[in-house]
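Fold and geometry: a report
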Amino acid sequence: MKNHRTLWTNARLATLAPQQPGCGIMEDAAILCEDGCISWMGRAHDLPQAAGQAEHRDLEGRWVTPAFIDCHTHLVFGGDRAMEFEMRLNGATYEEIARAGGGIVSSVAATNALSVPELVEASLARVDTLLREGVGTVEIKSGYGLNIEGELNMLRAARALEAQRPVRVITSYLAAHATPAAYKGRNVDYIREVVLPGMEQGHADGLIDAVDGFCEGIAFSVGEMRLVFDKARTLGLPVKLHAEQLSNLGGAAMAASYGALSADHLEYLDGQGIAQMAKAGTVAVLLPGAFYAINETQKPPVAALRDAAVPIAVATDCNPGTSPLTSLLLAMNMAATLFRLTVDECLAGVTREAARALGLLSQTGTIEVGKSADFAIWEIERPAELVYRMGFNPLHARVFKGIEVGT
Ligand SMILES: O=C(O)CC[C@@H]1NC(=O)NC1=O
Ligand SMILES: [Fe+3]
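These lines cover the structure that appears in this document, whether it is placed above or below. From a predicted model like this one, the values you see are computed outputs, not experimental measurements.

**A look at the coordination of the iron ion (ligand 2)**
Taken together, His72 (NE2), His74 (NE2), His242 (NE2) and Asp317 (OD) make up the protein donors of the iron ion (ligand 2), found 2.0 to 2.3 Å from the metal. Metal-centred angles of 83 to 168 degrees between the four donor atoms at the iron ion (ligand 2) mark the site as irregular. In the primary sequence, the donor residues of the iron ion (ligand 2) line up as H-x1-H-x167-H-x74-D. With a gap of 243 residues between them, histidine 74 in the loop between strand E6 (68–70) and helix H1 (82–89) and aspartate 317 in the loop between strand E13 (312–314) and helix H12 (328–339) connect regions that are remote in the sequence.

Right under this line is the structure:
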């Protein structure tokens, strides 16, 4: 609604504004929002004239952070992998599970069996769970279609979720997630006959915001991913990469050479990859849920990333196989406890740096004038509580584009 003004007063802000120390705390603060954007923010006693005509909300001293951003999810999919989880606990090997039809291919069958409305229906509970924890922006990947129509249907469902909920959705085309049975041993044929034409069609249909891939011994090589990234470059699409999750193929360094928005997982990242990421400004997206769920032991080189000033984001990697996690609050706790990120790094990792990993930092991810009025209001005494607790959600309310959307 044009010229709609809202003023939130009596707030304690964790702005996450860059160049501010820690998480950019501002006590006894107010935020003025006009037409969905932050038009003024500061100490309550400096309120501008325009505040007089605004609808007023007294936050009674509550803490306010930027709305959270989950910058890495595979949350559109059919079925689940609970059976495989049980088989693993009963000692089945990865091969036995694959032979029993488990793994990514089982999610591919369950996903391709659903129409777009059915995919939306199957994914809404996961989106709502994230939104109830203060999330305002979610990245959603394809990757369980592995044929053109199936991949694009996943992205159509992702776009439909944005139309049905107060949330911003950024899509990533991940047809280079695995090779379908029909192309076993023929990755390049799969890339040329499915991945590249699907990218062209998805781009033409406005379904793709970025292009992703799984660069790993069990998936695609650096050379094969270059074929995908070369096509993305000709279409003017940004790239990101699942890299160094289970081994070091040099994927992160290759992604950085394409100016990738992010390289994700990174447990096996080395100094060369770090240097290339630092040079390119590529964000390191850490995914502690997958590390935890697959019982990985190699931790990402957080200290070296810090020393090289590589931006660090944290995300759920919500997927049915290696990270059935739909809580950024828990992801932050895991990133702190397992990877030793500080509280401030965790909060930046699910706001400012997550926005950077999606190319959205000019729009959201911090509480600053000119940004979208996307913020979360919490029942906490200090920001550290958001990282410290496990399985507790202290959200009071969420604001999306200036409108309070409740919990
Ligand atoms: O098992 C699945 O369904 C996805 C696995 C997931 N995808 C990827 O590239 N890395 C992962 O851990
Ligand atoms: Fe992933």
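**Structural notes on the site of ligand 1**
Neighbouring ligand 1 are Arg81, Ile104, Tyr144, His177, Phe214, His242, Gln245, His265, Asn319, Gly321 and Thr322. One of the side-chain nitrogen or oxygen atoms of tyrosine 144 is found 2.7 Å away from an oxygen atom of ligand 1. The separation between a nitrogen atom of ligand 1 and a polar side-chain atom of histidine 177 is 2.8 Å. Taken by itself ligand 1 offers 320 Å² of open surface, and the protein chains cover 96% of this.

**Details of the sheet that holds strand E7 (residues 135–141)**
The strand order across the open sheet formed by eight strands is E6-E7-E8-E9-E10-E11-E12-E13, and the pairing between neighbours is parallel. Edge strands, defined here as strands with exactly one partner in the open sheet, are E6 and E13. Across the sheet, the mean angle from the axis of one strand to that of its neighbour is 25 degrees, orientation sign disregarded. Inspection of the sheet shows strand E12 (residues 283–286) paired to E13 by three bridges, in the parallel sense. Residue pairing in the sheet places leucine 286 in a bridge with valine 314 of E13. Here helix H6 (residues 187–204) sits on the sheet in contact with strand E8 (168–176) and strand E9 (210–215), set at roughly 160 degrees to E8.

**A word on helix H3 (residues 104–112)**
Residues of H3 that are buried include every one of Ser107, Val108 and Thr111, and no others. Down the axis, H3 shows its buried residues gathered within 105 degrees of arc, on one side only.

**Regarding the packing of aromatic side chains**
Counted according to the given criterion, the structure contains seven aromatic pairs. On the numbers, 5.6 Å between centres and 55 degrees between planes, the contact of tyrosine 183 with tyrosine 190 is tilted. Accessibility classification places tyrosine 183 together with tyrosine 190 in one group, the buried group. Ring centres of tyrosine 190 and phenylalanine 220 lie 6.2 Å apart, and the angle between their planes is 25 degrees; this geometry places the pair in the stacked category. Of the two residues, tyrosine 190 sits in helix H6 while phenylalanine 220 sits in the loop between E9 and helix H7 (222–235), which places them 30 residues apart along the sequence. Here tyrosine 190 matches phenylalanine 220 in class, with each residue buried. It is arginine 126 that lies over the ring of phenylalanine 77; its NZ or CZ is 3.6 Å from the centre.

**Here we look at the pairing of E9**
Most of E9 is tucked away: six of the six residues are buried. Because side chains alternate across E9, one face comprises the buried residues Ala210, Asp212 and Phe214, and the other comprises Val211, Gly213 and Cys215, equally buried. Direction of pairing for E8 relative to E9: parallel, over a ladder of three bridges. Paired with serine 172 across the strands is alanine 210, a residue of E9. Tracing the backbone out of E8, into H6 and back to the parallel element E9 gives a crossover that is right-handed. Relative to strand E10 (residues 240–243), E9 is paired through two bridges, and the arrangement is parallel. Paired with cysteine 215 across the two strands is alanine 243, which belongs to E10. You can see the chain leave E9, run along H7 and come back into E10, and the turn it takes is right-handed.

Criteria and cut-off values
- Residues numbered from 1 in each chain as written.
- Chains lettered and ligands numbered in written order.
- Predicted model: local features only at pLDDT ≥ 70, side-chain atom pairs only at ≥ 80, totals over all residues.
- Heavy atoms only, no water.
- Donors = N, O, S within 2.8 Å, 3.2 Å for Na, K, Ca; no water.
- Tetrahedral: all angles 85-135°; square planar, octahedral: opposite > 155°, others 65-115°.
- Helix = DSSP H or I, 4+ residues; strand = E, 2+ residues; numbered from the N terminus.
- Near = heavy atom within 4 Å.
- Polar contact = N/O pair within 3.5 Å; in protein donor to acceptor, adjacent residues only side chain to side chain.
- Areas by Shrake-Rupley, 256 points an atom, 1.4 Å probe, with all protein chains shown as cover.
- Pairing = 2+ DSSP bridges.
- Axes fitted to C-alpha atoms, helices over the stretch in contact; angles between N-to-C directions.
- Contact = heavy atoms within 4.5 Å.
- Buried < 20%, exposed > 50% of the residue type's maximum accessible area, 1.4 Å probe, protein only.
- Arc of directions from axis to C-beta.
- Phe/Tyr/Trp six-rings, centres within 6.5 Å; stacked < 30°, edge-to-face > 60°.
- Lys NZ or Arg CZ within 6 Å of the ring centre and 35° of its normal.
- Right-handed = clockwise from strand over helix to strand, strands pointing away.

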